[in-house]
Amino acid sequence: MGRSIAEKLSLPLLGAEFRVFPDGESKFTVSDKVSGKNVLLVQSTYHPADHHLFQLLLASHHLSEEGAKITAVVPYLAYARQDKQFLPGEGVTLGFVAHLMRSAGVRRLVTVDIHSAEGLALFSFPTYSVSAIPSLVEYVRENVSPKDPVVISPDFGGSKRTEAFAALYGAPFLQLAKTRDRVSGEVTVADSKLEVKGKDVVIVDDIISTGGTARAAAEKVMSQGARRAIAVCVHGLFVGSALDILEKASVKTVVCTNTVPGRFSQVDVSDAVASHLRTIED
Ligand code: R5P
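Scope of this entry: the structure provided in the associated data block. From a predicted model like this one, the values you see are computed outputs, not experimental measurements. (Residues numbered from 1 in each chain as written. Predicted model: local features only at pLDDT ≥ 70, side-chain atom pairs only at ≥ 80, totals over all residues. Heavy atoms only, no water.)

With respect to helix α6 (residues 159-169)
Since the α-helix turns once every 3.6 residues, residues separated by three or four places project in the same direction. Short version of the rule: Using a 1.4 Å probe on the protein chains alone, a residue whose accessible area is under 20% of its type maximum counts as buried, one over 50% counts as exposed, and one in between counts as partly exposed. Only DSSP runs of H or I covering at least 4 residues are called helices, and only runs of E covering at least 2 are called strands; the numbering of each starts at the N terminus. Taken from the helix axis, the directions to the C-beta atoms give the arc we talk about. Note on contacts: a residue pair qualifies if any of its non-hydrogen atoms lie within 4.5 Å across the two residues.
All of the buried residues in α6 are S159, R161, T162, F165, A166 and Y169. For α6, the angular spread of buried residues about the axis comes to 165 degrees, placing them on one side. Opposite its buried face, α6 presents the exposed residues K160 and A167, each directed more than 90 degrees away. In this structure, the buried residues of α6 make contact with α5 (133-144), β7 (149-153), β8 (173-175), β11 (200-208) and β12 (228-236). In the stretch just after α6, G170 is the one whose phi turns positive, near 80 degrees.

Some thoughts on the site of the ligand
Formally: Nearness here has a simple test: a residue counts as near a molecule or strand if at least one of its heavy atoms is within 4 Å of that partner. Each polar contact in these results corresponds to two N or O atoms within 3.5 Å; when the atoms are within protein, one needs to be able to donate a hydrogen and the other to accept it, and residues that are neighboring in sequence are counted only if both atoms are side-chain atoms. In the scheme used here, Gly and all other residues not listed as nonpolar or charged are polar, with Ala, Val, Leu, Ile, Met, Phe, Trp, Tyr, Cys and Pro taken as nonpolar and Asp, Glu, Lys and Arg as charged.
Neighbouring residues of the ligand: 14 residues in total, closest R81, D205, D206, T210 and T213. Within the side chain of D206, an N or O atom sits 2.5 Å from an oxygen atom of the ligand. When contributions to the shell around the ligand are tallied by element, the ones reaching two or more residues are β9 (178-180), β11 and α7 (212-223). Broken down by element, the residue count for the shell around the ligand peaks at four residues, all from β11. Tallied by class, residues from the shell around the ligand come to two nonpolar, six polar and six charged.

Next comes the structure, spelled out in structure tokens:
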């Protein structure tokens, strides 16, 4: 995505290279002079998250030591779901990531649809979360064209984002009440009567990881007579057998953005990110 953002902003690409040694260690080398320059460091931190995060920190540290001013552009921000303590004794890992970024010289963070806005408050430097929802709406309208659509949020946490999707699409919005067992990770959706009979249901979430949430939502609407379940998310991680799980739950269509590369990453968010970067002044 770095190349695409650079093209859109008519910026030169920095001569830099990551090398990964046979033992897994990374090395970062920059061949251009960066002293006094504003550098947009574009690195998504999808699986393997720790590796990609470390590379981001390594590059930021080195470039800032060389005198660059770093804006980290992190389309998918790993650890964003660990933004508070859910169970006693748990660490707030996103707070630690914020601390590491600052120590590595990051001055500003631009990400895409962070899991929750509260997460941004853990950073002690300016942060911004770009919304991919308008791009997803446009893609679904033009390429999926659901019949008599209803837009559903699987849980309360993501309801604002999903409601925005429904409003932009001009479709009714419904809310499910999902709960996750914090120890086993098992997802359940509370029973409720939903007006979905004969309709195409668009399930909108920020992340699909194991597929458990989308599966529970899809099973619920299909059992109440929905015509089709469509899963839309910003960050498609699809870990393990997530895609099989979705298929078994009768999810016919999956749409996500290119914050995480993959088979379903059809929606390009580089325009939305570049538009935001244009508004940033030094
Ligand atoms: C959780 O609150 C998030 O918004 C997603 O619903 C969740 O991360 C999806 O994960 P999974 O696909 O593993 O259920």
